Amino acid sequence: QVQVVESGGGLVQSGGSLRLSCAASRRAFEINAMAWYRQAPGKQRELVASITSGGNTNVVDSVKGRFTISRDDAKNTVYLQMNSLKPEDTAVYYCNVDLGLLPDGSYLEFWGQGTQVTVSL
């Protein structure tokens with residue numbers, strides 16, 4: 001079992017910034033990748049950004065240039081720096097911890113409880 005704890009959400013005005021944090025209860029070398037997803041009301045959960053154990057990052061086009069994902073292996077923590085926030089960024093943001101492939105081909109992954117980000121006009 002892996003404990004995944006997110007923090008840093010809140011209410012911010014359009015154009016503002018927030019930094020989300022996600023701490024995992026596993027050492028960095030045990031983690032294959034970590035990612036941030038978000039789910040807006042009435043919509044499916046979608047990937048926002050991911051970072052592998054090797055430091056390779058991926059950010060979806062809708063937030064590219066505004067959001068940055070990074071990690072601190074010493075703290076087993078991944079961050080999502082969100083700048084120039086827009087009302088359409090409003091969602092519950094979830095952290096995903098991927099421990100790698102299982103023998104059946106599925107991924108062993110764990111999710112945090114989510115943190116609300118609300119961007120007002």
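This report concerns the structure included in the present document. Note that this is a predicted model, so its numbers are computed, not measured.

**Some thoughts on the sheet that holds strand S1 (residues 4–7)**
Taken in spatial order, the 4 strands line up as S1-S3-S8-S7 in an open sheet, and their pairing is antiparallel. Unpaired on one side and paired on the other, S1 and strand S7 (67–72) mark the two borders of the sheet. Averaged over neighbouring strand pairs, the angle between their axes works out to 15° when direction is ignored. Strand direction decides the pairing type here: S7 and strand S8 (residues 77–82), joined by 6 bridges, are antiparallel. Considered in S8, the bridge of Thr 68 is made with Gln 81.

**As for the pattern of salt bridges**
Scanning all chains against the criterion turns up 6 salt bridges. The shortest N-O distance in the salt bridge between Asp 73 and Arg 71 comes to 2.8 Å. For Asp 73, a relative accessible area of 39% corresponds to the partly exposed category. Through salt bridges with shared partners, one network takes in Arg 38, Glu 46, Arg 66 and Asp 89.

**Quick word on empty space enclosed by the protein**
Considering all chains together, one arrives at 1 cavity of 30 Å³ or more under this definition. Looking at the largest cavity, its volume works out to about 30 Å³. Lining the largest cavity are Ala 28, Ile 31, Met 34, Arg 71, Asp 72, Asp 73, Asn 76 and Thr 77. Here the lining of the largest cavity is built from residues that sort into 3 nonpolar, 2 polar and 3 charged.

**Thoughts on the nonpolar core**
Among the nonpolar cores identified, the biggest contains 30 residues, and Met 34, Trp 36, Leu 80, Met 82 and Tyr 93 are the most heavily contacted of them. Mapped onto this core, the elements with two or more residues apiece are strand S3 (18–24), strand S4 (33–39), strand S5 (46–52), S7, S8, strand S9 (91–101) and strand S11 (115–120). Of the residues forming this core, the biggest block, 5 residues, is contributed by S9.

**A few points about unusual backbone geometry**
With a phi close to 50°, Asn 76 is a non-glycine residue in the positive phi region. Turning to its location among the elements, Asn 76 is positioned in the loop between S7 and S8. One non-glycine residue with positive phi stands out, namely Ser 84, at about 50°. Position of Ser 84 relative to the elements: it lies in the loop between S8 and S9.

**A short note on the packing of aromatic side chains**
Following the criterion strictly, the structure yields 1 aromatic pair and no others. Between Tyr 37 and Trp 111 the ring centres are 4.9 Å apart and the planes differ by 65°, which places this aromatic pair in the edge-to-face class. Here Tyr 37 is found in strand S4, whereas its partner Trp 111 is found in strand S10 (residues 107–111), with 74 residues between them in sequence. Of the residues examined, Tyr 37 reaches a relative accessible area of 22% and is grouped as partly exposed. Take Trp 111: its relative accessible area is 33%, and that puts it in the partly exposed class. Sitting over the ring of Tyr 94, Arg 45 keeps its end group 3.7 Å from the ring centre. The ring of Trp 111 carries Arg 45 above its face, with NZ or CZ at 4.6 Å from the centroid.

Parameters at a glance
Residues numbered from 1 in each chain as written. Predicted model: local features only at pLDDT ≥ 70, side-chain atom pairs only at ≥ 80, totals over all residues. Heavy atoms only, no water. Pairing = 2+ DSSP bridges. Helix = DSSP H or I, 4+ residues; strand = E, 2+ residues; numbered from the N terminus. Axes fitted to C-alpha atoms, helices over the stretch in contact; angles between N-to-C directions. Salt bridge = Lys/Arg side-chain N within 4 Å of Asp/Glu carboxyl O. Buried < 20%, exposed > 50% of the residue type's maximum accessible area, 1.4 Å probe, protein only. 1 Å grid on protein atoms, 1.4 Å probe; cavity = no way out; pocket = protein on both sides within 12 Å on 5 of 7 lines; lining within 4 Å. Points joined across faces, edges and corners; volume = space filled by probe spheres on them. Nonpolar A, V, L, I, M, F, W, Y, C, P; charged D, E, K, R; others polar. Core = buried A, V, L, I, M, F, W, Y, C linked by side-chain atoms within 4.5 Å. Phe/Tyr/Trp six-rings, centres within 6.5 Å; stacked < 30°, edge-to-face > 60°. Lys NZ or Arg CZ within 6 Å of the ring centre and 35° of its normal.

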